[in-house]
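Secondary and tertiary structure notes
If you want the building blocks of each chain, they are given just below.
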Amino acid sequence: MSNVMKDYIFYSIVILFALFFLVMTPQIKITNGTFIIGPRHWPYILLTLMLILAIFGIVKSYILAKKSKSIESKDHEDKIEPERTFFKLSIPMISLVLVILYVLLLNAIGFIISTLLFLYGISLLLGQKKQLYSIIFAVLTTVVFIGLFSVLLSIPLPRGLGIFRQLSLLFY
Amino acid sequence: MRVKMNISILFLGLVLILAACGGGSEQSGGEASTNYPERKIEVLVGHGAGGGTDLFARAVVKELEEILDVNINVVNQEGGAGVIAAQNAFNAPADGYTLVGDAAFPITTAAGTNKHGLDDFVPIARFQSDTYGLWVNPAKFDSIDDFIQAAKDNPGKITVGGTGSMGMDEITVFQLGQVAGVELSFVPMEGSGEMHSGVIGGHLDAMVDEFGPTKALYEDGSIKPLVVFAEERLEQFPDLPTTVEKGWDITDGNERGFYIKKGTDPEIIKILEGAMKKAYDSEEYQKLEEESYLHLREGWLNSKEFTTRTEELIEKYKAVMEELQK
Amino acid sequence: MFDYLITGILNIVTDPMNITMLLIAIVIGYIGGAIPGVSGTMLVVIMLPVTYALEPTAAFILLTGIYAITAFSGAISAILLRTPGTPEAVVTTFDGYPMAQQGNPGRALGIAIFCSVTGGVIGTLCLITITPALANVALSFSSPEYFALTVLGLTVVASLSGKELAKGLIGVLFGLMISVIGMDPLTGTLRYTFDATVLTSGIDLIPVIIGLFALSEFLKKTKDSHVVQETISNVKTKIFEIEIFKKIKGTMARSSIIGVFIGILPGVGATTASMLSYSEAVRWAKDEEKASYGKGNPKGIAASETSNNAAAMGTLVPLLSLGIPGGATAAVLLGAFILHGMQPGPMLFKTEPELMYTIFAGLLLANIAMLVVSKPFIKLFQRIVNVPYHVLGPLVVVFCVIGTYTVRNNYFDILIMILFGIIGYILEKYKFPLATIILGVVLGPLTESEFRRSIQMANGDFSIFFTRPISLILIIISVLMLFYPMINDYIKKRKLQKINISA
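Sequence order as written defines residue numbering, which begins from 1 separately in each chain. Just so you know, chain letters begin at A and ligand numbers begin at 1, following the order they were written in. Whole-chain, interface and lining totals are the exception, using all residues; otherwise, since this is a predicted model, local features are given only for residues with pLDDT of at least 70 and side-chain atom pairs are given and counted only at 80 or more. With hydrogens and water stripped out, all remaining heavy atoms of the structure feed into the side-chain values.

1. So, the overall build of chain C
Our working definition: Only DSSP runs of H or I with at least four residues qualify as helices, and only runs of E with at least two residues qualify as strands; both kinds are numbered from the N terminus onward. The globule rule used here is 2.2 Å times the number of residues to the 0.38 power, and the radius of gyration it is set against is calculated over C-alpha atoms. Residue contacts are defined here by distance: any two heavy atoms, one from each residue, within 4.5 Å place the two residues in contact. Here the accessible surface of atoms and residues is derived via Shrake-Rupley with a 1.4 Å probe, and residues count as covered only by protein chains that are part of the display.
Within chain C one finds 24 helices and 2 strands. For 503 residues, the compact-globule estimate of 2.2 N^0.38 gives 23 Å, and the C-alpha radius of gyration of chain C, at 23 Å, lies within 12% of that figure. Reported as C-alpha extents along the three principal axes, the dimensions of chain C are approximately 70 × 65 × 65 Å. A separation of at least 24 residues holds for 78% of the contacts in chain C among residues at least 6 apart in sequence. Surface exposure of chain C reaches about 17300 Å², of which carbon and sulfur atoms provide 68%.

This is the structure in structure tokens:
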């Protein structure tokens, strides 16, 4: 993807963001009329500025792109960057999916089990060769975290629902 | 890859079995409520560490731990004047191990930001009924009459600070304006630090605050109270007029107490209520009340009284808010 | 005064109990602060019940010692993992992490600790010597001045955003917009909460920062995790390097003043102080140096660490001299004083001078001891860089999750953290100046509410910002700063023209 393309996408997203929140702004209830500057003014100012800047950005990159095309359309700066293979690119994606799964599970099955599973899975993904080490690592880390935060510092990490809640209560 | 998958499934299975075992053994023990409390209790506080409600909860919890002989954790869940803590307590099971320590329950319920009112929670006990004063810089006003006169001469120009918005502070200032027939400009401040320096520095004309947090400032003479929001004069301030004397019927303050999710075994509530009464009467707690000027009014209300009181307050604040939000 | 201070120091040194408390404070502060998710406030709250049994002197040495040390130790994980251990260390990630990644974790930690100690000592000395004067300065500040201060801070966006001002401005606006979400602090109205209770408390600073910086970095790193890492073996821990000191001494001096000054203002904390002094460091840098900020410039670390420690000490000024707590931890300390039957304020200096000066001496000693014991700690911590990423990476994620969760014990914050992790990952690939978003988020709540509060105080008179001297001066400086690059360019062009003509 060329840099110009990226700029277009970025500014379009900014415009969408600003428009969405602008549409939402009138729904803010003004509950206290005695206030000279109400709760809507500030977001209006911010969003309008954002919109203007984004439109300005699009126009600017369009003009720049035209200019640079007419001057030097041959060597594209982007090509210098090596193309990544599909598989390598996907590792951050898989990691992200794992992280999201972990966090979603956190609320349902609690900190203990979800952390065990996550640590086990992600350490294998990130290059741990030995299964056993992964398991030891997962168990050890979970124990340390529970001991430190929930037992020592009395911070109740997410417990999960139902039987998982009961399980966590055995430990902290 | 295949092998890895298999082992992970095995691992998952193991963990689940473990979980099931753990769950089973715990549930069988949880039926008899007479053994309450069997394990750690959590008290959710909807305000940050170090604030009035947090200090209150921690002071009580310290006594309760001894009385109930169990660990009790104070968990700060800051946000929305206690709404978040109430929401989380509502999501937890009604097993008696999750309490809420709150000061703004009637207000947030009346305002509608707290979606779980008395239909979802049972008040256990009230510990404190704090007293408001109207504080000024001594250089600015001499007496409450001075203040009211100034407010009459400059309608809407006398600024009165308070912490937070749509809370007890704002309601108090609004009601004061109403009954005294003057127009006051309420300025919601971020925290009491900024508010105190605002009054001492002369940026605010006055503020409403309780007697505990202002003790040091009052003692060295940098601020002084004009009126106390109470029925009777305070022993410690015999010369300070009360609102009732002035003919204004506004005496409410922050009422700090504990709540528990509805559906909790009444037996458990009774145990907690009894323990809390003991904590309230304990020498150490009473000493703390005295040191932070919380003893100006009797604080204790038991579950039944506190429920009636909360009901009244919610109705009352609903009406006030409607007018305030006009 | 100084004989009191000497008595204070002697009180600590000669009493084994007091020395023990100081040592405990150092260990707890160092390790606790370095762990993301354990903030100084939390540690002080946890230790508070322990101090019931202690003599007041020992109790306050412990509590204030922890407070002083955590002002530094959050930098450790900020530098090594890009995950700030405490909120104050947020800005230290900007330059500390890149420097560590370039193979100099020891140097980055060394600079951080040296600057922290300097900032802390200067802050303490200010606390001891000019507290009453500083307290009066704090009193002359109110909403209009706070607002003017944030405006001054926001104008730095031009320097932070490099060549692409439009993007930088969008970043700041985005940051400011994030802080709008939730309950309006002035009217109590809900804004953009979409009827979700979890959103009423708004979006906290910490999840945003941990997401944008730490989680996004994790995602980026997973890509090269299979590549064998080159171990950084010749890490020499040098806490004091004369060449670096020469470079950063100006920044340190400026940042300690900014730090103490911001610290004394109630409601403006060490995080804002370090953000503002970082901004100033960038602003005062030479044009050719500006680009190196955010890429491991030692001055960036110096600016952040000097000022957050100075600010931590500054926060104690209004607490001790007026009884006004300037921040969350100060509020807990106030509670501790009350529990021990004392009321901080001018009276306490008269009734308990020895205790007060022992506390001051304790702060001074804690800061100095921090430097003395730092070497083994740094040696230990810098090894983290050599831990294989399949071990370190997963730990970073769990730290991100716990570090976010513990701020308010709110599950929802973790989801916000993940969201910003994705945003940060994409934006960093796009080479977007992420620091501008942080600038917006840090200053956002202050900017809006202080502006509206000022207008409310002035009964709708917008001239309030120009009729009050301090606010007027700040606004004038901001305007000058905004146009300074243009003026500077113009002057340079003129000079160039002259040279061309003369040549």
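2. As for the overall build of chain A
Applicable threshold: Per-residue accessibility, obtained with a 1.4 Å probe over protein chains only, is compared with the maximum for each type, and a residue is labelled buried under 20%, exposed over 50%, and partly exposed between these values.
Each helix and strand in chain A was counted, giving 5 helices and 0 strands. Across chain A, helices and strands are ordered from the amino to the carboxyl terminus as α-α-α-α-α. Here chain A, with 172 residues, has 47% of them falling under the buried criterion. Within chain A, residue pairs in contact and separated by at least 24 positions form 55% of the contacts whose partners lie at least 6 positions apart. Only carbon and sulfur atoms are counted for the fraction: they give 74% of the accessible area of chain A, which is about 9500 Å².

3. Topic: the sheet that holds strand β2 (residues 72–76) of chain B
Residues and elements named next belong to chain B. The condition is simple: By this definition, two strands are paired if DSSP reports at least two bridges between them. Under this scheme, a helix contributes an axis fitted over its contacting stretch, all axes are lines through C-alpha atoms, and angles between N-to-C directions fall in the 0 to 180 degree range.
On the basis of which strands lie adjacent, the open sheet formed by 5 strands has the order β2-β1-β3-β10-β4 and mixed pairing. Whereas interior strands pair on both sides, the edge strands pair on one side only; in this sheet they are β2 and β4 (121–129). Direction aside, neighbouring strands of the sheet carry axes that sit 25 degrees apart on average. Seen against the sheet, helix α2 (residues 52–68) touches β1 (41–45), β2, β3 (98–102), β4 and β10 (255–261) and runs at an angle of roughly 165 degrees to β2. Contacting β1, β3, β4 and β10, helix α3 (residues 83–91) runs over the sheet at an angle of about 150 degrees to β1.

4. Describing the interface of chain A and chain C
The criterion, for reference: A 1.4 Å probe defines the accessible area here, and the buried area is the portion of it lost by two parts on being joined, summed over both. Just to be clear on terms, a salt bridge is a Lys or Arg side-chain nitrogen sitting within 4 Å of an Asp or Glu carboxyl oxygen. Just so you know the grouping, Ala, Val, Leu, Ile, Met, Phe, Trp, Tyr, Cys and Pro go in nonpolar, Asp, Glu, Lys and Arg go in charged, and all remaining residues, Gly too, go in polar.
Listed as interface residues are 63 residues of chain A and, on the opposing side, 64 residues of chain C. Between chain A and chain C, roughly 5600 Å² of surface is buried when both sides are summed, and carbon and sulfur atoms account for 80% of that area. Its largest share of buried area at the contact with chain C, chain A owes to Ile37, Trp42 and Leu126 of chain A, together 13% of the area lost on that side. Linking chain A with chain C are 1 salt bridge, by the criterion used here. Linking aspartate 7 of chain A and lysine 167 of chain C is a salt bridge whose minimum nitrogen-to-oxygen distance equals 3.2 Å. Classifying every residue of the side of chain A that touches chain C gives 46 nonpolar, 12 polar and 5 charged.

5. Remarks on the domain arrangement of chain A
How we decide: Note that the domain bounds reflect an automated or database-derived domain assignment.
Assigned domains within chain A: domain 1 (3–75) and domain 2 (86–171). Each of domain 1 of chain A and domain 2 of chain A was reduced to a C-alpha centroid, and the two centroids are 39 Å apart.

6. Let's talk about the packing of helix α10 (residues 205–222) of chain C against helix α20 (residues 389–408) of chain C
Residues and elements named next belong to chain C. Heads up, the condition is: Note that the term roughly parallel is reserved for angles under 35 degrees, roughly antiparallel for angles over 145, roughly perpendicular for angles of 65 to 115, and oblique for everything else. For a crossing to be left-handed, the near helix must be turned anticlockwise from the far one by less than a right angle; the clockwise case is right-handed.
At a closest axis distance of 10 Å, the pairing of α10 and α20 adopts a crossing angle of 165 degrees. As judged from the angle between their axes, α10 and α20 are roughly antiparallel. Note that α10 runs across α20; the crossing there is left-handed. Residues Ile206, Pro207, Ile210, Ala214, Leu215, Glu217, Phe218, Lys221 and Thr222 of α10 touch α20, and the partners they reach there are Tyr389, Gly393, Pro394, Val396, Val397, Cys400, Gly403, Thr404 and Val407.

7. Remarks on the confidence of the model for chain A
All names here are of chain A. For clarity, the cut-off: For every residue, the predictor assigns a confidence score, pLDDT, that lies between 0 and 100.
Of all residues in chain A, 86% have pLDDT values of 70 or greater, and the mean over the chain is 84. Highest mean pLDDT in chain A belongs to helix α1 (residues 3–24) (92); lowest belongs to helix α5 (residues 163–171) (84). Counting contacts from residues 73–86, a segment whose pLDDT is below 50, to residues more than four positions away or on other chains yields 7 contacts.

8. Quick notes on helix α22 (residues 434–457) of chain C
All names here are of chain C. Heads up, the rule is: Here the expected length of a helix is defined as 1.5 Å per residue gap, with one fewer gap than residues. The bend reported for a residue corresponds to the angle between axes fitted to the seven residues ending at that residue and the seven starting there.
With 24 residues, α22 should cover 34 Å at 1.5 Å per step; its first-to-last C-alpha distance of 35 Å lies within 8% of that length. The largest bend in α22 amounts to roughly 50 degrees and is located at leucine 443, with the proline proline 445 lying one to four residues further along. Of all 24 residues in α22, 23 are buried, a share of seventy percent or more. Positive phi shows up at asparagine 459, right after α22, with a value of about 55 degrees.

9. Notes on the pairing of strand β9 (residues 224–228) of chain B
Residue and element names in this part refer to chain B. Counting buried positions along β9 gives 4 out of 5 residues, so the element sits mostly inside the fold. With 4 bridges joining them, strand β5 (residues 132–136) and β9 adopt antiparallel strand pairing. Note on β9: the bridge partner recorded for valine 136 is lysine 224.

10. Topic: empty space enclosed by the protein
Residue and element names in this part refer to chain B. The condition that has to hold: Here a cavity means grid points, on a 1 Å grid over the protein atoms only, where a 1.4 Å probe fits yet cannot get out; a pocket means an open set of points with protein on both sides within 12 Å along at least five of seven lines; lining residues are those with an atom within 4 Å of a point. Grid points are joined across faces, edges and corners, and a volume is the space filled by probe spheres set on the points.
Applying the stated criterion across every chain, the model contains 5 cavities of 30 Å³ or more. Taken together, Ala103, Pro106, Ile107, Met168, Gly253, Asn254, Glu255, Tyr259, Phe306, Thr310, Leu313 and Tyr317 make up the lining of the largest cavity. Elements represented by at least two residues in the lining of the largest cavity include exactly α4 (105–111), β10 and α11 (303–324). Broken down by element, the residue count for the lining of the largest cavity peaks at 4 residues, all from α11. For the lining of the largest cavity, the residue count by class is 8 nonpolar, 3 polar and 1 charged.

11. Re the side chain of arginine 165 of chain A
Definition in use: Just so you know, the count uses Lys and Arg for positive and Asp and Glu for negative, and it drops His and the chain ends.
Along the chain, the position of arginine 165 of chain A falls in helix α5. Here arginine 165 of chain A sits buried without a salt bridge, and the closest side chain of opposite charge, aspartate 95 of chain B, lies 4.4 Å off (N-O distance). If we ignore the near neighbours within four places in the chain, the residues touching arginine 165 of chain A are Arg159 and Gly160 of chain A together with Ala92, Pro93, Asp95 and Thr98 of chain B.

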